[in-house]
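# Notes for the structure review
Here is what each chain is made of, one letter per residue.
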Amino acid sequence: MVCLGNICRSPLADGLLLRKIKERNLNAHVDSAGTANYHIGKAPDSRMIKTAAKFGTPIEFLRARQFTAQDFQNFDHILVMDQSNYSDVIALAQTEADQKKVNFFLDYLYPNQNSEVPDPYYGTLKDFEAVYQLVDEATDALIQKLFHEQ
Ligand code: 4NP
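For clarity, every value in this text was computed on a predicted model and none was experimentally measured. (Residues numbered from 1 in each chain as written. Predicted model: local features only at pLDDT ≥ 70, side-chain atom pairs only at ≥ 80, totals over all residues. Heavy atoms only, no water.)

On to the site of the ligand. Inspection of the region around the ligand gives C3, L4, G5, N6, I7, C8, R9, Y38, H39, D119, Y121 and Y122 as its neighbouring residues. At 3.2 Å, a backbone N or O of N6 approaches an oxygen atom of the ligand. For the ligand, an oxygen atom lies 2.7 Å from a polar atom in the side chain of R9. Protein contacts shield 92% of the accessible area of the ligand, which totals 350 Å² for the unbound molecule. (Near = heavy atom within 4 Å. Polar contact = N/O pair within 3.5 Å; in protein donor to acceptor, adjacent residues only side chain to side chain. Areas by Shrake-Rupley, 256 points an atom, 1.4 Å probe, with all protein chains shown as cover.)

What follows is the structure, encoded as structure tokens:
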């Protein structure tokens, strides 16, 4: 799960997936990262922590890190939140196989649309809640697709 700062959108997607994978007894290695280095080592944004907690998803234990080319070796799927994340991640891909791992996270919910999860950082709590609902739906769609759930 990749966004810009790794303190709002991608840690939410990370935490929601971790929670759902655990609840469903599925097996996967999930992580998140930011393309930027602004917030390395920090916990998620307090507004995102509060919003996620309100809907039962713990994310406060996550810590921001920067996406690196090594991530192409460690992960099968690299899911970006917006177009600029896509460009930044693709720029680090060294092979065609690397490039193919990169997709828009919301494509699981809205196939082939390259839809973006809006960045709530400069928004209101309402924007954080809207992002939560969107990412919640998209993680359900992702699990159905990748784990072939009914
Ligand atoms: P995120 O949100 O990419 O969803 O973590 C942002 C967090 C921080 C900044 C921008 C977006 N920032 O400019 O510091």
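On we go.
So, about the pattern of salt bridges. This structure, assessed with the given rule, holds 11 salt bridges. Ionic pairing is found between D82 and R9, a salt bridge with its closest N-O pair at 3.0 Å. Here D82 is found in the loop between β3 (78-80) and α4 (83-90), whereas its partner R9 is found in helix α1 (residues 9-23), with 73 residues between them in sequence. Each member of the pair, D82 as well as R9, carries the same accessibility label: buried. Through salt bridges with shared partners, a single ionic network connects K20, R24, D136 and D140. (Salt bridge = Lys/Arg side-chain N within 4 Å of Asp/Glu carboxyl O. Helix = DSSP H or I, 4+ residues; strand = E, 2+ residues; numbered from the N terminus. Buried < 20%, exposed > 50% of the residue type's maximum accessible area, 1.4 Å probe, protein only.)

Moving on to the nonpolar core. Taken as a class, soluble globular proteins show a tendency for nonpolar side chains to be buried jointly. In this structure, M1, L12, F105, V135 and L142 are the most contacted members of the largest nonpolar core, which totals 30 residues. Contributions of two or more residues to this core are made by α1, α2 (46-54) and α6 (125-147). Top element by residues in this core is α6. It accounts for 9 residues. Excluding anything up to four places from it in sequence, L142 contacts M1, L17, L79, F105, Y108 and F147. By size, the runner-up hydrophobic cluster in this structure holds 11 residues, among which are F75, V80, A93 and F104. (Core = buried A, V, L, I, M, F, W, Y, C linked by side-chain atoms within 4.5 Å. Contact = heavy atoms within 4.5 Å.)

What follows deals with the packing of α2 against α6. Interaxial distance between α2 and α6 falls to 10 Å at its minimum, and their mutual angle equals 55°. Here α2 lies oblique to α6, going by the angle between them. Our pair here, α2 against α6, has a crossing hand that is right-handed. The residues of α6 that touch α2, namely those facing R47, M48, T51, A52 and K54, are L125, F128, E129 and Y132. Of the residues that constitute the contact of α2 with α6, the class distribution is 5 nonpolar, 1 polar and 3 charged. (Axes fitted to C-alpha atoms, helices over the stretch in contact; angles between N-to-C directions. Parallel < 35°, antiparallel > 145°, perpendicular 65-115°, else oblique. Left-handed = near helix turned anticlockwise from the far one by under 90°. Nonpolar A, V, L, I, M, F, W, Y, C, P; charged D, E, K, R; others polar.)

This paragraph deals with the packing of α1 against α6. In contact at an axis separation of 10 Å, α1 and α6 are set at 45° when each is read in the N-to-C sense. The orientation of α1 relative to α6 falls into the category oblique. The way α1 lies across α6 gives a crossing that is right-handed. Residue-level inspection shows R9, L12, A13, L16, L17, R19 and K20 of α1 in contact with α6, the latter providing V131, Y132, V135, D136, T139, D140, L142 and I143. Looking at side-chain class alone, the contact of α1 with α6 contains 9 nonpolar, 1 polar and 5 charged residues.

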